[in-house]
Amino acid sequence: MLDLSLLVQYGPALLRGFGVTILCWGAGCLIGMVLGFALMLLRQLPVKPLRWVIRAYIEVIRGTPFLIQLFLLYSGGPAIGLRLEATTAGILGLGIYGSAYFAEIFRAGYQAVPKGQVEAALSLGMSYGAILRRVIVPAMLVSTIPPIVNMMAILTKETVVLSIITVPELMYEMQTMAAETFATFETILGMALFYWLLVEAVSRLGRRLEARVTRFLTHASPQGSSKTATARA
Amino acid sequence: MTAVSRTATPSRAAGQGDTVQGDAVPMVSIRGVGKSFGTNEVLRDIDLTVNKSEVVCLIGPSGSGKSTLLRCINFLEVYDRGEIRIEGKLVGYSEDTPRRRLSNRDLRDLRRNVGMVFQQFNLWPHMTALENVAEALVQVRGMDKVAATSHARRMLDRVGLAAKADSYPARLSGGQQQRVAIARVIAMEPHLMLFDEPTSALDPELVGEVLQVMRDLAADGMTMVVVTHEMGFAANVADKVAFLDRGRIAAFGTPREVFHESTEPRVQQFLQTYHERNSF
């Protein structure tokens, strides 16, 4: 028998867990993006060894399960003097895991920036920093918002792994509820609902962002194709 | 000697089209410049002088190295041999031997006096026409936003696009985009302007408006190096024409000398192909 009253009874604990999930996810995404962007920029430097190291980092992170990375960080960390509290380790772990993927997303976005737009800025005497801020990043946003949102949606679901190192997030609270009430089905259903809510919110936000960063392109042809541009003129 | 160009641009001071006047440092001086992409030698031993207020057109078949040469002048393309000087200053390299590549900062100092107009316009699509023009004024010249905006507005007015100030590039025709790109360059008050096939991406009926803006600039005394397939523009506006073929300057002189008096077979052949394609 489906007993939804359990969800009400465990409501406060679940909401708290949901809050921790959102916190870990949000902070993890932020760290992942900042780190990923930095990695992408460092990869542009003409220093071969640095490129190899970054590539190896990305391959290792993408090639191993998040669960194992998290264990290594949380349980293996103390061996090298890195003693982290569970939630901190969880956030950092998510950030590191996400950084490899974000670095690849940003790299693709960086390469997709039309070279001419950068050359125009260079020929006007703009510095690399100014070009990055004013030309490259805005152009990157257009192509990278969809994959960024996609990665963020994936990361919402990776947060369940944090329960294994006892981060009191949603999965952890749900397991507690299941253990105490034996209501496995309700628990799983409730969980699915919560994560779906989060993913839905993320993708809605993503669509808004996408509309915002591409607003200057609406109802217009891509730049440079004079054929269609002139048809309207 | 430069009868053709003088009649076309009567406001230009007499004598500007003539050879170097001894004391004057040429705007651009190219000596023995060569460049290779791997084993492919795209520029060989190029010599070219552009004096202040001169308009020099680079013409020739595609793949002849015109655009590469132009891009070497502001070091968007790195040349391997020889030297290019702008107002006496060596482009891209230090003066010591062996020469080293200049730092990005030194390159920026050079480039802020050299404007470039591209075939594909290269406006920044996320900025309005006005923002495109104002951007470098703020970032490079350090103007405050208000001053930069009003200066940018005047520049758009100069190319006849004051009404389009708040339009994004995607809403402008090719010709309008190219005029915004020109406004973006002249706002920086460059000493020299480089044009890389500025009308090649335009529909034929839009070529005229861009060429008119360029004619006005020439009449105002702007020094210009123009890679173009518009032979009419080269004949009427240029002080000098350089014909490039396979990385070399095969003919150089006034438009009359190159178009009508040159006996160089490659020039003849090129012009004949051009005439055949443009007659109907």
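Going by the annotation in an unreviewed UniProt entry, the name recorded for chain A is ABC transporter permease subunit, with Azospirillum melinis given as the source organism. Note on chain A: under the UniProt heading Sequence similarities (unreviewed entry), the record states "Belongs to the binding-protein-dependent transport system permease family. HisMQ subfamily."

## Observations concerning the overall build of chain B
The number of helices and strands found in chain B is 10 helices and 10 strands. The C-alpha radius of gyration of chain B comes to 19 Å, within 12% of the 19 Å expected for a compact globule of 280 residues. Once the C-alpha set of chain B is aligned to its principal axes, its extents read approximately 55 × 55 × 40 Å. Going through the 280 residues of chain B one by one, you find that 56% of them count as buried. The long-range share in chain B, meaning contacts at least 24 apart out of those at least 6 apart in sequence, stands at 66%. Here chain B contributes 34 positively and 34 negatively charged side chains, and the mean placements of these two sets differ by 3 Å.

## Some remarks on the interface of chain A and chain B
Taken together, the contact between chain A and chain B spans 32 residues of the former and 35 residues of the latter. Where chain A abuts chain B, roughly 2,800 Å² becomes buried across the two surfaces, and 58% of that area is made up of carbon and sulfur atoms. Seen at the junction of chain A and chain B, the total is two salt bridges. Among the salt bridges present, the one from R134 of chain A reaches E135 of chain B, with a minimum N-O distance of 2.6 Å.

## What to know about the pairing of strand β1 (residues 28-37) of chain B
Residues and elements named next belong to chain B. Where β1 meets strand β2 (residues 40-50), seven bridges bridge the pair, whose relative direction is antiparallel. Residue pairing across strands places S29 opposite T49, the latter belonging to β2. Counting the residues in the hairpin turn of β1 and β2 gives two residues, including G38, whose phi is positive at 65°. Here β1 runs beside strand β4 (residues 81-86); their pairing, made up of five bridges, is antiparallel. Bridge assignment links I30 to a residue of β4, and that residue is I84.

## Re a nonpolar patch on the surface
Side chains of L67, I68, F71, L72 and I164 of chain A sit close together on the surface and give an oily, nonpolar patch of about 450 Å² of accessible area. Mapped onto the elements, I68 of chain A comes out in helix α4 (residues 66-76).

## Overview of the sheet that holds strand β8 (residues 223-227) of chain B
Residue and element names in this part refer to chain B. As summarised here, the arrangement of the six strands in space is β6-β7-β8-β3-β9-β10, forming an open sheet in which the pairing is mixed. On the outer flanks of this sheet lie β6 (114-117) and β10 (248-253), each paired with one strand and no other. Put simply, the sheet's adjacent strands are angled 15° from each other on average, direction ignored. The pairing of strand β9 (residues 240-245) with β10 spans five bridges and is antiparallel. Considered in β10, the bridge of L244 is made with I249.

## Quick word on the confidence of the model for chain A
Residues and elements named next belong to chain A. Across chain A, pLDDT averages 85, with 91% of residues at or above 70. Looking over chain A, one finds the lowest element-wise mean pLDDT in helix α10 (residues 226-232), namely 37, and the highest in helix α6 (residues 115-123), namely 95. Segment residues 219-233: pLDDT under 50, and 28 contacts once partners within four positions in sequence are set aside and those in other chains are kept.

## Observations regarding the packing of helix α8 (residues 170-181) of chain A against helix α9 (residues 184-213) of chain A
Residues and elements named next belong to chain A. It is at 10 Å that the axes of α8 and α9 come closest, and there the two elements cross at 165°. Taken together, the axis directions place α8 and α9 in an arrangement best described as roughly antiparallel. Considering how the two elements wind past one another, α8 and α9 form a crossing that is right-handed. From α8, L170, M171, M174, M177 and A178 reach across to α9, where they touch T187, G190, M191, F194 and Y195.

Conventions we followed
Residues numbered from 1 in each chain as written. Chains lettered and ligands numbered in written order. Predicted model: local features only at pLDDT ≥ 70, side-chain atom pairs only at ≥ 80, totals over all residues. Heavy atoms only, no water. UniProt positions renumbered as here; feature names shortened; annotations may be inferred. Helix = DSSP H or I, 4+ residues; strand = E, 2+ residues; numbered from the N terminus. Rg over C-alpha atoms; globule rule 2.2 N^0.38 Å. Buried < 20%, exposed > 50% of the residue type's maximum accessible area, 1.4 Å probe, protein only. Contact = heavy atoms within 4.5 Å. Lys, Arg positive; Asp, Glu negative; His and termini not counted. Charge placed at Lys NZ, Arg CZ, Asp CG, Glu CD. Buried area = accessible area lost by both parts, 1.4 Å probe. Salt bridge = Lys/Arg side-chain N within 4 Å of Asp/Glu carboxyl O. Pairing = 2+ DSSP bridges. Patch = residues over 30% accessible without salt bridge, like charges linked within 9 Å, V, L, I, M, F, W, Y side chains within 5 Å. Areas by Shrake-Rupley, 256 points an atom, 1.4 Å probe, with all protein chains shown as cover. Axes fitted to C-alpha atoms, helices over the stretch in contact; angles between N-to-C directions. pLDDT = per-residue confidence, 0-100. Parallel < 35°, antiparallel > 145°, perpendicular 65-115°, else oblique. Left-handed = near helix turned anticlockwise from the far one by under 90°.

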